[in-house]
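# Working through the structure, step by step
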Amino acid sequence: MSQKKAPEKPTGNHTSVEMEMADMVGKPLGGPGTQPTKPVRKKSSESMTSDPDLYYSVEDLRSEPPPGEPVSNRIRPMLGQGKHEAGALFFKDGYRRIDYVLAFPVPRRKHPVKVEHKPEDDSSAFHPEGEDQKVRRRREFEKNLIEAGLDLERDDETKDHGMCFVRLHAPWKVLSQYAEILKIKMPTKKIYELKERTGIKAKAYALWRKTIKPLQPSPQAKQVDKEPYKHISYTFSRDKEHMFHIESRETFFKPSTRSLVVHEILKRTRYSQKDYAIGITNLIAQGVYTAAYPLHEGEFEGDTDIPPNPRQMLFDEWGSYSKFVKFQPLNLIRNYFGEKIGMYFAWLGLYTKLLIPSSLVGLIVFLYGVFTMDDNVPSDEVCEAYNITMCPLCDRECKYWRLSDSCKSAKFSHLFDNEVTVFFSIFMSLWATWFLENWKRKQMELNYAWDLSGFEEEEEQPRPEYEARLVKHRIEQSDKTGQGYGSASGNAEDSGMGEEVKLPKKQTLFAVGVSSVTILTMFTVTLAAVFAVIMYRLSVASALAIYPNSGQIVSGTAVTLNLIVILILDEIYGSVAAFLTNLECPRTETEYEDKLIFKLFLLKFVNSYASIFYVAFFKGRFMGRPGQYIYAAPGLRMEECGPGGCLYELCIQLSIIMAGKQLIQNNVMEIGMPKLKKFLRECTCFGLCKERAERAEDKAGPRDTRWEEDLVLEPFSGLSPEYLEMIIQFGFVTIFVASFPLAPLLALVNNVLEIRLDARKFVQELRRPMAERAKDIGIWYNILKGITKISVIVNAFVIAITSNFIPRTVYQYMYSPDGSLHGFIDWSLSTFNVSDFEPGSEPRDNRSLGEVVQFCRYRDFRDAPWEAEPYKYNLAYWHIFAARLGFVICFQNVVIFLKDFIAWLIPDEVKEIKERQRREKRIIMEMLLEEERRMRQHYYATDHRHSNGKISQNGFLENHLASEFASAEEFDDSSIETQV
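First, a word on what this report is: a plain description of the structure on this page. As the structure is a prediction and not an experimental result, all values here were calculated from the model. (Residues numbered from 1 in each chain as written. Predicted model: local features only at pLDDT ≥ 70, side-chain atom pairs only at ≥ 80, totals over all residues. Heavy atoms only, no water.)

Here the focus is the overall build of the protein chain. Regarding its fold elements, the protein chain presents 32 helices and 17 strands. Taking all 980 residues of the protein chain together, 50% fall into the buried category. Restricting to contacts in the protein chain with at least 6 residues of sequence separation, those with at least 24 account for 76%. In the structure as shown, the protein chain presents an accessible area of about 47,100 Å², 58% of it carried by carbon and sulfur atoms. (Helix = DSSP H or I, 4+ residues; strand = E, 2+ residues; numbered from the N terminus. Buried < 20%, exposed > 50% of the residue type's maximum accessible area, 1.4 Å probe, protein only. Contact = heavy atoms within 4.5 Å. Areas by Shrake-Rupley, 256 points an atom, 1.4 Å probe, with all protein chains shown as cover.)

Here it is as structure tokens:
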């Protein structure tokens with residue numbers, strides 16, 4: 001059969017701007033009274049199953065094919081591509097690519113009705129009661145999708161039970177239209193040669209590239225232009241289509257870009273006559289559709305595709321544990337998942353790479369503590385203090401104990417509380433600034449390589465949910481005033497003044513007030529959980545006081561219990577933050593994401609660090625002294641630090657929480673939960689599990705389709721959880737690094753594994769995310785800057801208050817007779833007369849050490865009981881207090897000055913990239929001017945229309961554009977005026 005050309009799509013009297021606006025909101029173009037023709041059902045000649053599919057397209061609404069002509073004959077001349085396998089990534093005609101899939105369930109019917117006898121307009125004939133409204137909304141929504149220009153392929157909804165799928169395809173006209181609206185940059189035909197490095201820089205660069213060549217991904221996975229050549233990119237324009245490097249219209253736009261365009265249409269298409277009934281998100285929330293997602297490109301493993309598809313390359317080059325030492329294929333990630341996800345993994349990769357030097361320095365600090373442990377004077381004095389009797393750690397049940405009993409904890413404490421800890425804290429503060437400055441440079445390189453410069457310059461459109469709530473509010477106001485609302489549109493703009501109408505401040509303030517109160521309540525819950533763990537530790541310590549080594553058991557179980565509480569509250573706080581953000585209903589997607597992230601960070605930051613802040617700055621600070629203890633409850637006095645000191649306990653607390661969160665929450669739950677949800681979804685997808693099992697048994701029958709396999713995967717829930725876990729880890733690495741120098745090493749090991757686990761999760765366990773564009777990491781950068789500033793303050797106070805660095809320094813330079821630390825332990829302990837115990841608080845056994853105890857020692861700087869004012873703070877206490885205050889001030893100012901100096905030293909912009917951008921702008925300008933000169937010359941050669949010696953620009957532009965766009969679907973003269 002001879003192939004016939006697809007009929008042209010009539011444009012009527014509508015301008016291109018009107019068509020674009022109509023497509024954005026999903027309205028028909030034929031005017032208020034125009035009704036679209038009812039879709040025609042056709043059988044495909046390439047059917048995979050016995051059930052016929054329903055094909056919908058713009059042609060279906062406006063023209064009929066000749067009788068018996070298959071759909072593929074109408075499409076093949078337009079696409080110009082070879083036929084592909086049906087049921088994989090293409091319609092059943094084998095030519096139109098599936099860009100998006102909608103899924104919805106068909107409930108079981110008690111009395112199935114044959115389709116042949118079903119009235120055309122009676123959906124209740126085969127749908128159970130309660131489904132009619134969903135069916136009507138689906139049909140209205142799909143009709144509007146067709147009016148927006150999409151092609152639809154739909155499963156037969158008359159089957160008894162199971163899942164139905166609607167497959168969407170965006171034709172070239174829709175793709176080019178939205179590429180222009182969204183200002184997507186595409187490669188032009190212009191290729192220019194990059195300037196090669198010369199001199200010493202060239203040799204150093206060549207040596208560096210040769211060194212890291214084994215770490216690079218395979219050339220096939222890198223997906224970059226061959227150096228030193230590059231295609232110049234320019235914002236796509238239909239009027240300048242001939243300037244772009246279009247080898248094939250079907251492959252010019254990447255699949256990620258195609259899904260982005262379809263998603264823009266889906267989220268702005270109406271499904272009802274009500275003005276606030278907009279978007280696929282609302283339809284999924286109402287159960288009209290179960291899911292909406294783009295398809296993965298084939299299987300992720302196996303050798304079925306030669307060459308391998310992008311999903312296989314990602315799994316082999318990115319998700320393989322054997323490639324953990326190699327760099328990530330960022331260009332392949334960006335092309336498959338979009339720039340936003342690519343930007344996250346670029347940030348994670350740089351963060352992990354720069355953790356290597358900080359891990360090495362932290363390991364050196366730890367090894368210094370190991371090698372100097374035996375030579376440390378204070379810990380040796382503790383181990384030899386057999387004659388120093390310490391006061392009991394609790395009332396009545398606790399006994400007196402020897403200071404030498406804490407020898408092991410004193411030795412262990414020296415590993416982290418030594419002379420170089422201060423310098424490591426300064427180093428990590430400067431490292432954080434170095435990391436952020438390097439990320440700004442890396443971000444600029446990615447923006448240049450991925451053609452992201454300037455794409456957000458246009459004003460962001462309101463969210464469909466915001467528009468729906470705004471329109472609903474205006475309708476309610478109109479009903480109250482008795483005035484008609486008129487024809488409301490999704491664009492919430494006042495028809496009189498052209499100014500945007502916003503939600504009333506009363507609603508906004510109410511939502512913000514509810515959010516603030518709820519967040520404060522959640523803070524209270526977190527503090528209550530910390531207090532509950534403290535009470536558990538106090539009560540269990542009192543109960544087990546008669547047993548040896550009970551302190552380690554109490555501390556270990558308390559920290560484990562605290563970790564469990566943190567993990568549970570993290571899950572709760574995620575849902576609370578999403579609910580509060582939806583209640584506030586921000587206007588744009590950026591505002592929505594920023595508010596959600598800010599709430600998540602506040603709640604989870606407090607939840608993760610509350611117990612650590614307690615141990616660092618409050619434990620042992622408000623306990624009183626022997627004879628005048630402060631009690632948290634009757635019989636339970638406030639905690640004091642253990643024999644090894646508070647820094648020792650802070651190190652244990654930080655290491656367990658950090659390791660536990662990374663191991664359980666970041667790794668086990670990230671992989672285990674999607675697999676569990678996938679299994680549950682397979683068994684609850686309205687018979688899909690049964691259908692797939694039957695097909696699996698019938699080996700000769702058809703296999704599962706791509707959309708069925710992707711449906712049972714876990715939906716992508718956004719990057720906020722991924723960012724948040726890394727931000728919390730960044731806080732562990734920087735904020736409390738003075739107490740745990742091995743934190744960077746622990747983070748490095750986790751991140752190397754995290755990248756591969758995330759890669760497998762994205763490729764294997766998750767549905768393919770909708771590709772989104774982003775030129776930076778958004779509000780996360782500001783959060784990182786805030787954490788670096790907080791880390792300077794916290795580390796200063798940890799060194800000054802929690803560690804013994806300041807007391808040791810004061811003793812060595814002010815009180816030591818020989819300038820050494822000999823005698824420091826005896827100097828740092830105060831003396832207490834046991835006869836001054838409050839009645840009922842003294843130990844039951846005064847002879848537990850084999851002799852009657854008259855005096856015991858405790859950690860504090862107070863006068864002895866035989867002084868004129870016993871137990872009063874002595875002069876050494878005030879010297880130490882002044883030294884601590886001076887250290888905090890000096891530390892903060894010195895570190896902040898060095899941070900600012902490093903930020904100034906490292907330029908934000910890469911000079912080479914800046915020069916390339918200027919050169920490309922100049923080449924683009926020359927290309928446009930050359931195009932205009934060529935058009936003028938073409939006019940002179942073909943048409944000599946002159947007017948008083950002057951050229952009629954509209955004349956030669958019209959002739960030229962008509963010839964250039966002769967192969968296009970249509971040519972609109974109105975675009976000429978716009979270009980001129």
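Resuming the write-up.
This paragraph deals with the state of the cysteines. Taken as a whole and judged by the stated rule, the model has 2 disulfides. The disulfide that involves Cys383 links it to Cys407, with 1.8 Å between the sulfurs. Taking the sign of the S-S torsion, 80 degrees for the link of Cys383 and Cys407, the bridge is right-handed. On the criterion of sequence distance, the pair formed by Cys383 in helix α14 (residues 377–383) and Cys407 in helix α15 (residues 407–414) is long-range, its members being 24 residues apart. Using a relative accessible area of 13% as the deciding quantity, one classes Cys383 as buried. Classification of Cys407 as partly exposed rests on a relative accessible area of 21%. Residue pairing for Cys391: its cysteine sulfur links by disulfide to Cys856, the two sulfurs lying 1.9 Å apart. For the disulfide bridge between Cys391 and Cys856, the dihedral angle about the S-S bond is near 85 degrees, and by the sign convention the bridge is right-handed. Residue Cys391 is located in the loop between β8 (389–390) and β9 (401–402), and its partner Cys856 is located in strand β15 (residues 855–859); the two are separated by 465 residues in the primary sequence. Using a relative accessible area of 5% as the deciding quantity, one classes Cys391 as buried. (Disulfide = S-S within 2.5 Å.)

Our next topic: the nonpolar core. Residues Trp318, Trp347, Tyr351 and Phe736 are the most contacted members of the largest nonpolar core, which totals 133 residues. A per-element tally of this core places helix α20 (residues 589–617) first, with 14 residues. Each residue touching Trp318, except ones within four places of it in the same chain, is listed here: Met313, Gln328, Pro329, Ile333, Phe337, Phe345, Ile755, Arg756, Ala759, Phe762 and Val763. (Core = buried A, V, L, I, M, F, W, Y, C linked by side-chain atoms within 4.5 Å.)

Once that is clear, we can look at unusual backbone geometry. Notably, Asp451 is not glycine yet its phi reads approximately 55 degrees, a positive angle. Position of Asp451 relative to the elements: it lies in the loop between α16 (421–449) and α17 (464–481). We note that Cys585 has phi near 50 degrees; this positive angle belongs to a residue other than glycine. Along the polypeptide, Cys585 turns up in the loop between α19 (550–584) and α20. Residue class for Cys585 comes out buried when judged on its relative accessible area of 5%.

The next point concerns the pattern of salt bridges. Per the stated rule, a full pass over the model turns up 36 salt bridges. A salt bridge links Asp417 to Arg808, with the nearest nitrogen and oxygen atoms 3.4 Å apart. Of this pair, Asp417 sits in the loop between α15 and α16 while Arg808 sits in helix α27 (residues 805–815); the two residues are 391 residues apart in sequence, bridging distant segments of the chain. For the residue pair Asp417 and Arg808, the accessibility class agrees, reading buried in each case. Between Glu649 and Lys619 there is a salt bridge, with the nearest N and O atoms lying 2.2 Å from each other. On the criterion of sequence distance, the pair formed by Glu649 in helix α21 (residues 646–684) and Lys619 in the loop between α20 and β10 (624–625) is long-range, its members being 30 residues apart. Neither residue differs from the other here; Glu649 and Lys619 are each classed as buried. The structure contains a network of salt bridges with shared partners spanning Glu299, Arg706, Glu709 and Asp710. (Salt bridge = Lys/Arg side-chain N within 4 Å of Asp/Glu carboxyl O.)

Our focus in this paragraph is the packing of aromatic side chains. Throughout the structure, instances matching the rule amount to 56 aromatic pairs. Considering the side-chain rings of Phe832 and Tyr871, the 5.4 Å spacing of their centres and the 40 degrees angle between planes classify their relative orientation as tilted. One end of the pair, Phe832, is in strand β14 (residues 829–833); the other, Tyr871, is in the loop between β15 and α29 (875–905), with 39 residues separating them in the sequence. The exposure class assigned to Phe832 is buried, which follows from its relative accessible area of 0%. Ring centres 6.1 Å apart and planes at 75 degrees place the aromatic pair Trp878 and Phe881 in the edge-to-face group. Of the two residues, Trp878 and Phe881 both sit in helix α29, 3 residues apart, roughly one turn of that helix. The aromatic ring of Trp707 is capped on one face by Arg167, whose charged end is 4.4 Å from the ring centroid. (Phe/Tyr/Trp six-rings, centres within 6.5 Å; stacked < 30°, edge-to-face > 60°. Lys NZ or Arg CZ within 6 Å of the ring centre and 35° of its normal.)

This part is about a nonpolar patch on the surface. On the surface, Leu363, Leu367, Val370, Phe371, Leu745 and Val749 cluster together to form a nonpolar patch covering roughly 500 Å² of accessible area. Residue assignment for the nonpolar patch shows that the elements contributing at least two residues are α13 (339–371) and α25 (743–765). In terms of residues, the nonpolar patch owes the most to one element, α13, which gives 4 residues. Position of Leu367 relative to the elements: it lies in helix α13. (Patch = residues over 30% accessible without salt bridge, like charges linked within 9 Å, V, L, I, M, F, W, Y side chains within 5 Å.)

Glancing now at the pairing of β14. Walk down a regular strand and you will see the side chains alternate between the two sheet faces. The element β14 is extensively covered by neighbouring structure, given that 4 of its 5 residues are classed as buried. Two strands pair when backbone bridges link them, and β14 and β15 are joined in this way by 5 bridges, in the antiparallel orientation. If you follow Asn833 over to β15, its bridge partner there is Phe855. (Pairing = 2+ DSSP bridges.)

So, on to the packing of α13 against α25. The angle between the axes and the distance between the axes are what describe a pair of packed helices. Running from N to C, α13 and α25 point in directions that differ by 155 degrees, and their axes come no closer than 7 Å. When the interaxial angle is binned, α13 and α25 end up roughly antiparallel. Both α13 and α25 take part in a crossing whose hand is left-handed. Contacts between α13 and α25 involve Ile341, Tyr344, Phe345, Leu348, Gly349, Tyr351, Thr352, Leu355, Ile356, Ser358, Ser359 and Leu363 from the first element and Pro744, Leu745, Ala747, Leu748, Asn751, Val752, Ile755, Asp758 and Phe762 from the second. (Axes fitted to C-alpha atoms, helices over the stretch in contact; angles between N-to-C directions. Parallel < 35°, antiparallel > 145°, perpendicular 65-115°, else oblique. Left-handed = near helix turned anticlockwise from the far one by under 90°.)

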